[in-house]
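# Descriptive analysis of the structure
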Amino acid sequence: ADTLGAAAAEKGRYFGAAVSANHLGEAQYVATLNREFSSVTAENEMKWDALEPSRGSFNFSRADQIFDHAKSQGMDVRGHTLVWHSQLPNWVSQLGASDLRTAMNSHITQVMTHYKGEIHSWDVVNEAFQDGGSGARRSSPFQDKLGDGFIEEAFRTARAADPNAKLCYNDYNTDGVNAKSNAVYTMVRDFKARGVPIDCVGFQSHFNPNSPVPSDYQANLQRFADLGVDVQITELDIEGSGQAQAADYGNVVRACLAVSRCTGITVWGIPDKYSWRASGTPLLFDDNYNKKPAYDAVLSALGGA
Ligand code: G3I
(Lines give C-alpha, C1' and ligand atoms only; values in the text may rest on other atoms or scores of the structure.)
Protein backbone atom coordinates (compact mmCIF):
# COMPACT_ATOMS: atom_id res chain seq x y z
CA ALA A 1 0.00 0.00 0.00
CA ASP A 2 1.27 3.46 -0.80
CA THR A 3 -0.97 5.65 1.36
CA LEU A 4 -1.39 5.90 5.12
CA GLY A 5 -5.03 4.88 5.07
CA ALA A 6 -4.50 1.87 2.83
CA ALA A 7 -1.44 0.68 4.73
CA ALA A 8 -3.24 1.02 8.06
CA ALA A 9 -6.24 -0.85 6.65
CA GLU A 10 -4.00 -3.80 5.83
CA LYS A 11 -3.20 -3.86 9.55
CA GLY A 12 -6.88 -3.62 10.47
CA ARG A 13 -6.57 0.01 11.61
CA TYR A 14 -7.76 3.42 10.47
CA PHE A 15 -5.41 6.34 9.90
CA GLY A 16 -7.08 9.72 10.39
CA ALA A 17 -6.49 13.45 10.44
CA ALA A 18 -8.03 16.41 12.22
CA VAL A 19 -9.70 18.61 9.62
CA SER A 20 -10.85 22.25 9.63
CA ALA A 21 -13.85 23.28 7.57
CA ASN A 22 -11.92 26.48 6.75
CA HIS A 23 -9.53 24.53 4.54
CA LEU A 24 -12.00 22.39 2.61
CA GLY A 25 -11.94 24.90 -0.26
CA GLU A 26 -8.19 24.40 -0.76
CA ALA A 27 -7.52 21.91 -3.53
CA GLN A 28 -4.18 20.59 -2.25
CA TYR A 29 -5.53 20.19 1.26
CA VAL A 30 -8.50 18.18 0.05
CA ALA A 31 -6.41 16.13 -2.38
CA THR A 32 -4.02 15.14 0.41
CA LEU A 33 -6.87 14.37 2.81
CA ASN A 34 -8.68 12.23 0.27
CA ARG A 35 -5.59 10.37 -0.87
CA GLU A 36 -4.02 9.56 2.50
CA PHE A 37 -6.62 9.33 5.26
CA SER A 38 -9.42 6.92 6.14
CA SER A 39 -10.83 8.79 9.14
CA VAL A 40 -11.57 12.38 10.04
CA THR A 41 -11.94 14.33 13.29
CA ALA A 42 -13.33 17.89 13.19
CA GLU A 43 -10.61 20.03 14.76
CA ASN A 44 -13.11 22.50 16.28
CA GLU A 45 -16.45 22.22 14.53
CA MET A 46 -18.09 19.58 16.75
CA LYS A 47 -17.22 21.29 20.03
CA TRP A 48 -19.98 22.69 22.23
CA ASP A 49 -19.36 26.37 21.40
CA ALA A 50 -19.58 25.60 17.70
CA LEU A 51 -22.69 23.41 17.83
CA GLU A 52 -24.83 24.99 20.57
CA PRO A 53 -23.72 28.62 20.94
CA SER A 54 -26.91 29.51 22.81
CA ARG A 55 -29.07 27.18 24.80
CA GLY A 56 -31.17 24.87 22.67
CA SER A 57 -30.10 26.55 19.44
CA PHE A 58 -27.94 24.26 17.32
CA ASN A 59 -25.83 25.05 14.29
CA PHE A 60 -24.45 21.98 12.54
CA SER A 61 -23.50 23.66 9.27
CA ARG A 62 -19.70 23.65 9.60
CA ALA A 63 -19.62 20.29 11.33
CA ASP A 64 -21.78 18.85 8.58
CA GLN A 65 -19.40 20.17 5.91
CA ILE A 66 -16.67 17.99 7.41
CA PHE A 67 -18.99 15.07 8.09
CA ASP A 68 -20.45 15.12 4.56
CA HIS A 69 -17.03 15.34 2.97
CA ALA A 70 -15.76 12.40 5.01
CA LYS A 71 -18.80 10.27 4.21
CA SER A 72 -18.57 11.09 0.50
CA GLN A 73 -15.05 9.67 0.59
CA GLY A 74 -15.99 6.59 2.61
CA MET A 75 -14.04 7.78 5.64
CA ASP A 76 -14.89 7.12 9.28
CA VAL A 77 -15.73 10.09 11.48
CA ARG A 78 -14.57 10.52 15.09
CA GLY A 79 -16.82 12.85 17.07
CA HIS A 80 -14.88 15.40 19.14
CA THR A 81 -16.08 16.30 21.75
CA LEU A 82 -19.31 16.33 23.79
CA VAL A 83 -18.31 17.37 27.34
CA TRP A 84 -15.19 19.51 27.81
CA HIS A 85 -14.34 22.50 30.00
CA SER A 86 -12.79 24.37 27.04
CA GLN A 87 -14.55 25.87 24.03
CA LEU A 88 -17.60 25.79 26.24
CA PRO A 89 -20.05 28.65 25.68
CA ASN A 90 -20.50 31.07 28.58
CA TRP A 91 -24.16 30.24 29.02
CA VAL A 92 -23.24 26.72 30.14
CA SER A 93 -20.84 27.95 32.82
CA GLN A 94 -23.52 30.19 34.26
CA LEU A 95 -26.09 27.48 34.94
CA GLY A 96 -26.88 26.09 38.38
CA ALA A 97 -26.40 22.38 39.03
CA SER A 98 -29.83 21.17 38.07
CA ASP A 99 -29.97 23.16 34.84
CA LEU A 100 -26.41 22.20 34.01
CA ARG A 101 -27.23 18.51 34.30
CA THR A 102 -30.20 18.95 31.99
CA ALA A 103 -28.16 21.00 29.53
CA MET A 104 -25.31 18.46 29.46
CA ASN A 105 -27.61 15.52 28.82
CA SER A 106 -29.58 17.47 26.25
CA HIS A 107 -26.42 18.52 24.40
CA ILE A 108 -25.15 14.94 24.26
CA THR A 109 -28.50 13.60 23.13
CA GLN A 110 -29.15 16.19 20.45
CA VAL A 111 -25.67 16.12 18.94
CA MET A 112 -25.45 12.33 18.93
CA THR A 113 -28.94 12.02 17.50
CA HIS A 114 -28.02 14.36 14.63
CA TYR A 115 -25.28 11.90 13.61
CA LYS A 116 -26.92 8.74 14.90
CA GLY A 117 -25.46 5.54 13.51
CA GLU A 118 -22.82 7.41 11.51
CA ILE A 119 -20.00 8.10 13.97
CA HIS A 120 -17.22 5.58 14.54
CA SER A 121 -16.26 6.86 18.00
CA TRP A 122 -17.27 9.81 20.17
CA ASP A 123 -15.00 11.55 22.65
CA VAL A 124 -17.78 11.74 25.23
CA VAL A 125 -15.69 13.41 27.92
CA ASN A 126 -12.42 15.20 27.23
CA GLU A 127 -9.63 16.17 29.65
CA ALA A 128 -11.41 15.77 32.98
CA PHE A 129 -8.27 15.15 35.04
CA GLN A 130 -5.63 17.54 36.36
CA ASP A 131 -2.01 17.54 35.32
CA GLY A 132 0.61 16.89 37.94
CA GLY A 133 0.86 14.26 40.58
CA SER A 134 -2.47 14.54 42.36
CA GLY A 135 -4.57 12.32 40.12
CA ALA A 136 -7.46 14.65 40.95
CA ARG A 137 -10.27 15.79 38.73
CA ARG A 138 -9.84 19.12 36.97
CA SER A 139 -12.04 21.97 38.11
CA SER A 140 -14.76 22.68 35.54
CA PRO A 141 -18.43 23.67 35.65
CA PHE A 142 -19.30 19.97 35.35
CA GLN A 143 -16.91 18.78 38.04
CA ASP A 144 -17.59 21.67 40.41
CA LYS A 145 -21.39 21.58 40.19
CA LEU A 146 -22.19 17.94 39.44
CA GLY A 147 -19.28 16.16 41.14
CA ASP A 148 -17.41 13.03 40.05
CA GLY A 149 -20.59 11.41 38.76
CA PHE A 150 -20.81 13.72 35.73
CA ILE A 151 -18.52 11.48 33.69
CA GLU A 152 -20.52 8.32 34.10
CA GLU A 153 -23.76 10.21 33.60
CA ALA A 154 -22.41 11.56 30.30
CA PHE A 155 -21.45 8.05 29.16
CA ARG A 156 -24.85 6.58 30.09
CA THR A 157 -26.63 9.37 28.24
CA ALA A 158 -24.36 8.86 25.22
CA ARG A 159 -25.02 5.12 25.05
CA ALA A 160 -28.76 5.74 25.07
CA ALA A 161 -28.47 8.38 22.34
CA ASP A 162 -26.47 6.29 19.84
CA PRO A 163 -25.80 2.67 20.77
CA ASN A 164 -23.70 2.17 17.61
CA ALA A 165 -20.99 4.70 18.42
CA LYS A 166 -17.96 3.66 20.41
CA LEU A 167 -17.78 5.84 23.51
CA CYS A 168 -14.33 7.15 24.44
CA TYR A 169 -12.71 9.03 27.28
CA ASN A 170 -9.94 11.23 25.78
CA ASP A 171 -7.03 13.02 27.49
CA TYR A 172 -3.43 14.28 27.15
CA ASN A 173 -0.34 13.64 29.27
CA THR A 174 -1.76 10.18 29.86
CA ASP A 175 0.41 8.57 27.19
CA GLY A 176 2.86 6.96 29.61
CA VAL A 177 2.36 5.48 33.07
CA ASN A 178 2.07 8.44 35.46
CA ALA A 179 -0.24 9.80 38.16
CA LYS A 180 -2.69 11.23 35.63
CA SER A 181 -2.92 8.07 33.52
CA ASN A 182 -3.21 6.04 36.73
CA ALA A 183 -6.23 8.12 37.70
CA VAL A 184 -7.85 7.55 34.30
CA TYR A 185 -6.99 3.85 34.52
CA THR A 186 -8.68 3.60 37.92
CA MET A 187 -11.79 5.30 36.55
CA VAL A 188 -12.00 3.01 33.50
CA ARG A 189 -11.47 -0.08 35.65
CA ASP A 190 -14.28 1.07 37.92
CA PHE A 191 -16.57 1.77 34.93
CA LYS A 192 -15.94 -1.70 33.53
CA ALA A 193 -16.54 -3.30 36.95
CA ARG A 194 -19.84 -1.47 37.41
CA GLY A 195 -21.11 -1.71 33.86
CA VAL A 196 -20.86 1.97 33.03
CA PRO A 197 -20.75 2.05 29.22
CA ILE A 198 -17.25 2.87 27.93
CA ASP A 199 -15.65 1.36 24.84
CA CYS A 200 -12.41 3.19 24.27
CA VAL A 201 -9.75 5.47 25.69
CA GLY A 202 -8.14 8.15 23.53
CA PHE A 203 -4.50 9.09 24.05
CA GLN A 204 -4.01 12.50 22.49
CA SER A 205 -0.24 12.10 22.13
CA HIS A 206 0.86 15.71 21.66
CA PHE A 207 4.62 15.28 21.98
CA ASN A 208 7.41 17.86 22.17
CA PRO A 209 10.89 18.05 23.71
CA ASN A 210 9.41 18.71 27.16
CA SER A 211 6.95 15.89 26.76
CA PRO A 212 8.59 13.27 24.52
CA VAL A 213 7.17 9.90 23.48
CA PRO A 214 7.32 7.95 26.77
CA SER A 215 9.42 4.80 26.89
CA ASP A 216 6.44 2.96 28.40
CA TYR A 217 3.96 4.18 25.78
CA GLN A 218 3.16 0.70 24.46
CA ALA A 219 2.95 -0.76 27.96
CA ASN A 220 0.53 1.98 28.96
CA LEU A 221 -1.70 1.39 25.91
CA GLN A 222 -1.62 -2.32 26.67
CA ARG A 223 -2.66 -1.98 30.31
CA PHE A 224 -5.74 -0.01 29.27
CA ALA A 225 -6.53 -2.52 26.52
CA ASP A 226 -6.30 -5.25 29.14
CA LEU A 227 -9.21 -3.60 30.97
CA GLY A 228 -11.39 -4.52 27.99
CA VAL A 229 -11.51 -1.25 26.07
CA ASP A 230 -10.12 -0.25 22.69
CA VAL A 231 -7.38 2.34 22.69
CA GLN A 232 -6.90 5.00 20.02
CA ILE A 233 -4.18 7.55 19.37
CA THR A 234 -6.40 10.55 18.83
CA GLU A 235 -4.43 13.78 18.31
CA LEU A 236 -0.88 12.79 17.40
CA ASP A 237 1.69 15.44 16.66
CA ILE A 238 5.40 15.46 17.48
CA GLU A 239 7.43 18.67 17.60
CA GLY A 240 10.75 18.36 15.76
CA SER A 241 12.10 17.75 12.28
CA GLY A 242 14.05 15.40 10.07
CA GLN A 243 15.14 11.94 11.11
CA ALA A 244 14.66 12.47 14.85
CA GLN A 245 11.01 13.36 14.33
CA ALA A 246 10.65 10.48 11.88
CA ALA A 247 12.04 8.02 14.42
CA ASP A 248 9.56 9.20 17.05
CA TYR A 249 6.64 8.86 14.65
CA GLY A 250 7.76 5.35 13.71
CA ASN A 251 7.93 4.37 17.37
CA VAL A 252 4.39 5.61 18.00
CA VAL A 253 2.98 3.65 15.07
CA ARG A 254 4.83 0.48 16.09
CA ALA A 255 3.51 0.82 19.65
CA CYS A 256 -0.06 0.95 18.37
CA LEU A 257 0.43 -1.99 16.02
CA ALA A 258 1.86 -4.05 18.90
CA VAL A 259 -1.39 -3.61 20.87
CA SER A 260 -4.16 -5.56 19.20
CA ARG A 261 -6.86 -3.30 20.66
CA CYS A 262 -5.15 -0.14 19.38
CA THR A 263 -7.62 0.37 16.56
CA GLY A 264 -6.42 3.56 14.91
CA ILE A 265 -4.28 6.65 14.82
CA THR A 266 -5.28 10.25 14.12
CA VAL A 267 -2.76 13.02 13.43
CA TRP A 268 -3.81 16.49 14.58
CA GLY A 269 -3.69 18.22 11.21
CA ILE A 270 -2.35 17.72 7.67
CA PRO A 271 0.33 20.32 6.69
CA ASP A 272 2.54 21.94 9.33
CA LYS A 273 1.21 25.40 8.46
CA TYR A 274 -2.23 24.55 9.86
CA SER A 275 -1.05 22.97 13.10
CA TRP A 276 -2.41 24.42 16.35
CA ARG A 277 1.26 24.69 17.32
CA ALA A 278 1.60 27.84 15.28
CA SER A 279 5.38 28.07 15.14
CA GLY A 280 6.10 24.36 14.99
CA THR A 281 6.51 21.67 12.36
CA PRO A 282 4.89 18.71 14.15
CA LEU A 283 2.97 17.03 11.31
CA LEU A 284 3.60 14.66 8.37
CA PHE A 285 3.38 17.15 5.47
CA ASP A 286 5.29 20.38 4.97
CA ASP A 287 3.64 23.67 4.04
CA ASN A 288 3.61 22.67 0.36
CA TYR A 289 2.11 19.25 1.08
CA ASN A 290 5.37 17.45 0.45
CA LYS A 291 5.78 14.24 2.42
CA LYS A 292 8.29 14.69 5.26
CA PRO A 293 10.67 12.01 6.57
CA ALA A 294 8.09 11.52 9.33
CA TYR A 295 5.56 10.52 6.68
CA ASP A 296 7.92 7.92 5.23
CA ALA A 297 8.58 6.54 8.72
CA VAL A 298 4.86 6.20 9.42
CA LEU A 299 4.13 4.54 6.09
CA SER A 300 7.02 2.15 6.55
CA ALA A 301 6.01 1.30 10.13
CA LEU A 302 2.52 0.53 8.81
CA GLY A 303 4.08 -1.92 6.36
CA GLY A 304 3.50 0.27 3.33
CA ALA A 305 5.95 1.57 0.76
O1 G3I B 1 -13.77 30.59 16.25
C2 G3I B 1 -12.96 31.73 16.52
C3 G3I B 1 -13.16 32.77 15.48
O4 G3I B 1 -14.48 33.20 15.53
C5 G3I B 1 -12.17 33.91 15.74
O6 G3I B 1 -12.28 34.84 14.72
C7 G3I B 1 -10.75 33.38 15.79
C8 G3I B 1 -9.74 34.48 16.12
O9 G3I B 1 -8.63 33.97 16.77
O10 G3I B 1 -10.68 32.41 16.79
C11 G3I B 1 -11.51 31.31 16.54
O12 G3I B 1 -11.39 30.37 17.55
C13 G3I B 1 -10.18 29.62 17.56
C14 G3I B 1 -10.53 28.17 17.34
O15 G3I B 1 -9.38 27.37 17.52
C16 G3I B 1 -11.10 27.91 15.95
O17 G3I B 1 -10.16 28.25 14.98
C18 G3I B 1 -9.55 29.81 18.93
O19 G3I B 1 -9.09 31.14 19.06
C20 G3I B 1 -8.43 28.84 19.11
O21 G3I B 1 -7.99 28.91 20.47
C22 G3I B 1 -8.89 27.44 18.82
O23 G3I B 1 -7.80 26.56 19.02
C24 G3I B 1 -8.13 25.18 19.06
C25 G3I B 1 -7.88 24.63 20.46
O26 G3I B 1 -8.15 23.23 20.45
C27 G3I B 1 -8.77 25.30 21.49
O28 G3I B 1 -8.73 24.65 22.70
C29 G3I B 1 -7.24 24.47 18.07
O30 G3I B 1 -7.57 24.89 16.74
C31 G3I B 1 -7.40 22.96 18.19
O32 G3I B 1 -6.42 22.31 17.44
C33 G3I B 1 -7.24 22.54 19.63
O34 G3I B 1 -7.47 21.15 19.74
C35 G3I B 1 -7.32 20.58 21.04
C36 G3I B 1 -8.30 19.44 21.15
O37 G3I B 1 -9.61 19.87 20.84
C38 G3I B 1 -8.25 18.80 22.54
N39 G3I B 1 -6.90 18.40 22.89
C40 G3I B 1 -5.88 19.45 22.74
C41 G3I B 1 -5.90 20.02 21.32
C42 G3I B 1 -4.79 21.02 21.11
O43 G3I B 1 -4.93 22.13 21.94
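These notes cover the structure that comes with them. (Residues numbered from 1 in each chain as written. Predicted model: local features only at pLDDT ≥ 70, side-chain atom pairs only at ≥ 80, totals over all residues. Heavy atoms only, no water.)

Within the structure shown, the criterion is met by two disulfides. Here Cys168 is linked by a disulfide to Cys200, with a sulfur-sulfur distance of 2.1 Å. Torsion about the S-S bond of the Cys168 and Cys200 cystine: about -85 degrees, corresponding to left-handed handedness. Note that Cys168 is positioned in strand E5 (residues 166–171) and Cys200 in strand E6 (residues 200–203), a separation of 32 residues in sequence. You can call Cys168 buried: its relative accessible area is 0%. Taking the relative accessible area as the measure of exposure, Cys200 reaches 0% and is therefore buried. Between Cys256 and Cys262 runs a disulfide, and the two sulfur atoms are separated by 2.1 Å. In this structure, the disulfide formed by Cys256 and Cys262 twists by about -100 degrees around the S-S bond and is classed as left-handed. Like Cys262, Cys256 is buried. For the protein, the bonded cysteines pair up as 1-2, 3-4 when numbered in the order they occur along the sequence. (Disulfide = S-S within 2.5 Å. Helix = DSSP H or I, 4+ residues; strand = E, 2+ residues; numbered from the N terminus. Buried < 20%, exposed > 50% of the residue type's maximum accessible area, 1.4 Å probe, protein only.)

When you line up the elements, Thr266 lands in strand E9 (residues 262–267). Apart from residues no more than four positions distant in its own chain, Thr266 is found in contact with Tyr14, Gly16, Ala17, Ala18, Thr41, Arg78, Ile233, Thr234, Glu235 and Leu236. (Contact = heavy atoms within 4.5 Å.)

The next thing to look at is the pairing of strand E3 (residues 76–83). Extensive coverage of E3 is indicated by the burial of seven of its eight residues. Alignment of strand E2 (residues 39–42) against E3, held across three bridges, turns out to be parallel. Bridge pairing in E3 places Ser39 opposite Asp76. Pairing between E3 and strand E4 (residues 121–126): four bridges, direction parallel. Bridge pairing links Arg78 to Ser121 in E4. (Pairing = 2+ DSSP bridges.)

This part takes up helix H11 (residues 242–257). When the terminal C-alpha atoms of H11 are compared, their 23 Å separation across 16 residues agrees well with the 22 Å that a helix rising 1.5 Å per residue should span. Taken as a whole, H11 has its buried residues at Gln245, Ala246, Tyr249, Gly250, Val252, Val253, Ala255 and Cys256. Of the surrounding elements, those touching the buried residues of H11 are strand E7 (206–207), helix H10 (217–225), strand E8 (230–238), E9 and helix H12 (293–301). (Expected span 1.5 Å × (residues − 1).)

Across all of its chains, the model carries 16 salt bridges by this definition. Across the pair Asp123 and Arg78 runs a salt bridge whose closest N-O atoms are separated by 2.7 Å. Here Arg78 lies in strand E3 and Asp123 lies in strand E4, a separation of 45 residues in the sequence. In this structure, Asp123 and Arg78 share a single accessibility class: buried. (Salt bridge = Lys/Arg side-chain N within 4 Å of Asp/Glu carboxyl O.)

This paragraph deals with helix H9 (residues 179–194). Between its first and last C-alpha, H9 extends 23 Å over 16 residues, near the 22 Å set by a 1.5 Å rise per residue. Among all positions in H9, only Lys180, Ser181, Ala183, Val184, Tyr185, Met187, Val188 and Phe191 are buried. Contacts from the buried residues of H9 go to helix H8 (150–161), E5, E6 and H10. If you check the start of H9, you find a side-chain oxygen 3.0 Å away from the backbone N of Lys180, and it comes from Asn178. (Polar contact = N/O pair within 3.5 Å; in protein donor to acceptor, adjacent residues only side chain to side chain.)

Bear in mind that shape data such as this cannot, by itself, settle questions of function.
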